Amino acid sequence: MTTTRIENATVWTGVRSDDGYVESSAIAFDEGGILALGEAASALPADVVVDARGGFVCAAFRDGHVHCLPGGFEAAIAPVRDHASPQDIARAVGAWAREHPEVEWVRGEGFDHTLAPEGIFHAAWLDAEVPDRPVVLRATDYHTVWANSEAMRRAGYTRDTPQPHDGEIVRDADGSPIGTLREWGAWRPVYDLLPPMTREQAVDALTLASAGFASAGIAWVQDAWVEPHDVDSWLAAADEDVLSFRADLGLWCDPNSWRDQLDHFARTRDRVAAEGGGRLTATTVKFFADGVIESATGALLEPYCDCPHSKGLPNWKVEELNLAVAAIDALGFAPHIHAIGDAAVRMALDAIEHANGVNGARDRRATIAHTQLVDPADMERFVGLGVVANFEPYWAKY
């Protein structure tokens, strides 16, 4: 086991004293953790000695909500970020497609879903650049997908396709799909046609994510959306020893089939513990209570100001969310619930309260993620129920 000592440093310990936070001048550690601070650290023999030259040293960070695989995969597909208009995105996609004639499905991750009026992106804009191959782009919100005509044709989308109960196929005046698909029920049939990520692609994506986390001093993350095929990708990366961080895998709970997933969740937790090389766990189950406010799929208590007939699109029925959260809680998993709108936040709090009542009190650390809009009446409930409010600056920018 390698011992490392960092000296000539300002080591921030995070321990508070009467004079402020305790600092030290040196730190010694190995793979098991911190061995000593200050003079005691300087006295220890070390395999590696680093002169910090007066630099600042602190504990690594933890990120409670990331999507590593799609984020890392962006570098291998069409570049759709940081464009000024939908037409700019389409041109970039077209250029990439012409450079990669061997790729059957042209895809991209992370376009700005606010660039088009009312968040409606037209298949025709992509058809002008790539008319003969399917194109599927997912927005930064992960709830909006922009598809070209060929992609929708392969999915069987026509004016006669019924609206899914858990999504929206945006249509034009005559009922034909425009090219914008909102929420799982609308874009999942298209994504199910995509070729799966290969082992090599998955390892490359997680290697890129690993480098990004290391550059920011992040040593642990919560992957907040892991489907069954993603588990193999994570275990492949652990097997090839490309992870510079630890991760807990949040297993996605499908509102349409969650009862059938319970055994899978338990088996996956055991498998990841056995095969994750000490870097991976799978102790969390991820729920999406609603969508996002920008596409009017975030679930609100009152109607949208610019869409007075709608209060958004909850992904779960209240009773089903209560039952599902209680069931995974009984299995010892921590619920991690995406809730953007105030109605969704209330649903999530109610479900956690229901689990507390059904399964008894314990230190759950249930998490509600994003919490973009919270009714004042629900603020104190986070404290009373011991719920972690996982909020990010991204969701506060509008």
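Some points on the overall build of the protein chain
Stage number 1. Helix and strand counts for the protein chain come out as twelve helices and 19 strands.
Stage number 2. Taking 398 residues into account, the globule formula puts the C-alpha radius of gyration at 21 Å, and the protein chain, at 23 Å, falls close to it.
Stage number 3. On the principal axes, the C-alpha backbone points of the protein chain span a range of 80 × 55 × 40 Å.
Stage number 4. Counting across all 398 residues of the protein chain, residues that qualify as buried make up 49%.

Quick look at the pairing of strand β14 (residues 218-226)
Stage number 1. Counting buried residues in β14 gives seven out of nine residues, a clear majority hidden from the surface.
Stage number 2. The sheet contact formed by strand β8 (residues 61-66) and β14 spans four bridges and is parallel. By the bridge assignment for β14, Val 66 is matched with Asp 223.
Stage number 3. Both β14 and strand β15 (residues 246-252) contribute to a ladder of five bridges, which runs parallel. Bridge assignment links Val 221 to a residue of β15, and that residue is Ala 247.
Stage number 4. In this region the chain leaves β14, passes through helix α8 (residues 228-239) and returns to the parallel neighbour β15; the handedness of that crossover is right-handed.

What about the packing of helix α9 (residues 258-275) against helix α10 (residues 318-330)?
Stage number 1. Axis separation between α9 and α10 bottoms out at 11 Å; the angle between their running directions is 15 degrees. With respect to α10, the element α9 is oriented roughly parallel. Along this stretch, α9 crosses α10, giving a crossing that reads as right-handed. For the pair α9 and α10, contact is made by Trp 258, Arg 259, Leu 262 and Phe 265 and by Glu 320, Leu 323, Ala 324, Ala 327 and Ile 328, respectively.
Stage number 2. Within the contact of α9 with α10, the residues separate by chemical class into seven nonpolar, no polar and two charged.

Let's talk about the sheet that holds β8
Stage number 1. Spatially, β8-β14-β15-β16-β17-β18-β19 is the arrangement adopted by the seven strands of the open sheet, whose pairing is parallel. Of all strands in the sheet, those bounded by a partner on one side alone are β8 and β19 (388-390). On average, each strand axis in the sheet is tilted by 25 degrees relative to the strand beside it, whichever way the strands run.
Stage number 2. Pairing geometry for strand β16 (residues 280-288) and strand β17 (residues 334-339), over five bridges, is parallel. Each residue of the ladder has a partner; that of Lys 286, found in β17, is His 336.
Stage number 3. Packing of α8 onto the sheet brings it into contact with β14, β15 and β16, and relative to β14 it is tilted by some 155 degrees.

Focus on the layout of surface pockets
Stage number 1. The space that makes up the largest pocket amounts to roughly 860 Å³.
Stage number 2. Lining the largest pocket are 29 residues, with Phe 29, Cys 58, Ala 59, Ala 60 and Ala 219 positioned closest to its centre.
Stage number 3. Ranked by residues supplied to the lining of the largest pocket, first place goes to strand β2 (residues 10-17) with four residues.
Stage number 4. For the lining of the largest pocket, the residue count by class is 18 nonpolar, six polar and five charged.

Remarks on empty space enclosed by the protein
In this approach a probe as big as a water molecule rolls over the atoms, and the regions it shows empty are the leftover space.
Stage number 1. Per the counting criterion, the structure on display carries one cavity of 30 Å³ or more.
Stage number 2. Taken as a whole, the largest cavity encloses approximately 30 Å³ of empty space.
Stage number 3. Forming the boundary of the largest cavity are His 113, Gly 119, Thr 144, Arg 182, Glu 294 and Ser 295.
Stage number 4. Looking at the lining of the largest cavity, its residues break down into no nonpolar, four polar and two charged.

So, the nonpolar core
Stage number 1. One finds Trp 234 and Phe 287 to be the most contacted residues of the largest nonpolar core, which totals 58 residues.
Stage number 2. Per-element accounting of this core gives the leading share, nine residues, to helix α11 (residues 342-359).
Stage number 3. Filtering out sequence-adjacent residues up to four positions away, Trp 234 remains in contact with Cys 68, Leu 69, Leu 206, Asp 223, Val 226, Leu 243, Phe 245, Ala 247, Leu 249 and Leu 280.
Stage number 4. Trp 105, Tyr 142, Ala 147 and Trp 184 belong to the second largest nonpolar core, which has 20 residues in total.

Side note on the pattern of salt bridges
Stage number 1. Following the criterion strictly, the structure yields 25 salt bridges and no others.
Stage number 2. For Glu 227, the salt bridge identified is with Arg 188, shortest N-O distance 2.9 Å. Here the residue Glu 227 occupies a position in the loop between β14 and α8, and Arg 188 occupies one in helix α6 (residues 184-191), the gap between them amounting to 39 residues.
Stage number 3. Ionic pairing is found between Arg 259 and Glu 320, a salt bridge with its closest N-O pair at 2.9 Å. Of the two residues, Arg 259 is situated in helix α9 and Glu 320 in helix α10; the sequence distance between them amounts to 61 residues.
Stage number 4. Note on Arg 259: relative accessible area 47%, which makes it partly exposed.
Stage number 5. Residue Glu 320 is classed as partly exposed on the basis of its relative accessible area of 21%.
Stage number 6. Salt bridges sharing partners connect three or more residues here, namely Arg 346, Asp 350, Glu 353, Asp 375, Asp 378 and Arg 381.

Here's the deal with α6
Stage number 1. The buried fraction of α6 amounts to seven of the eight residues, a majority that puts the element mostly inside the structure.
Stage number 2. Regarding α6, the residues found buried are Trp 184, Gly 185, Ala 186, Trp 187, Arg 188, Val 190 and Tyr 191.

What counts and how
- Residues numbered from 1 in each chain as written.
- Predicted model: local features only at pLDDT ≥ 70, side-chain atom pairs only at ≥ 80, totals over all residues.
- Heavy atoms only, no water.
- Helix = DSSP H or I, 4+ residues; strand = E, 2+ residues; numbered from the N terminus.
- Rg over C-alpha atoms; globule rule 2.2 N^0.38 Å.
- Buried < 20%, exposed > 50% of the residue type's maximum accessible area, 1.4 Å probe, protein only.
- Pairing = 2+ DSSP bridges.
- Right-handed = clockwise from strand over helix to strand, strands pointing away.
- Axes fitted to C-alpha atoms, helices over the stretch in contact; angles between N-to-C directions.
- Parallel < 35°, antiparallel > 145°, perpendicular 65-115°, else oblique.
- Left-handed = near helix turned anticlockwise from the far one by under 90°.
- Contact = heavy atoms within 4.5 Å.
- Nonpolar A, V, L, I, M, F, W, Y, C, P; charged D, E, K, R; others polar.
- 1 Å grid on protein atoms, 1.4 Å probe; cavity = no way out; pocket = protein on both sides within 12 Å on 5 of 7 lines; lining within 4 Å.
- Points joined across faces, edges and corners; volume = space filled by probe spheres on them.
- Core = buried A, V, L, I, M, F, W, Y, C linked by side-chain atoms within 4.5 Å.
- Salt bridge = Lys/Arg side-chain N within 4 Å of Asp/Glu carboxyl O.

Fair warning: the whole summary comes from geometry, so function is off the table for now.
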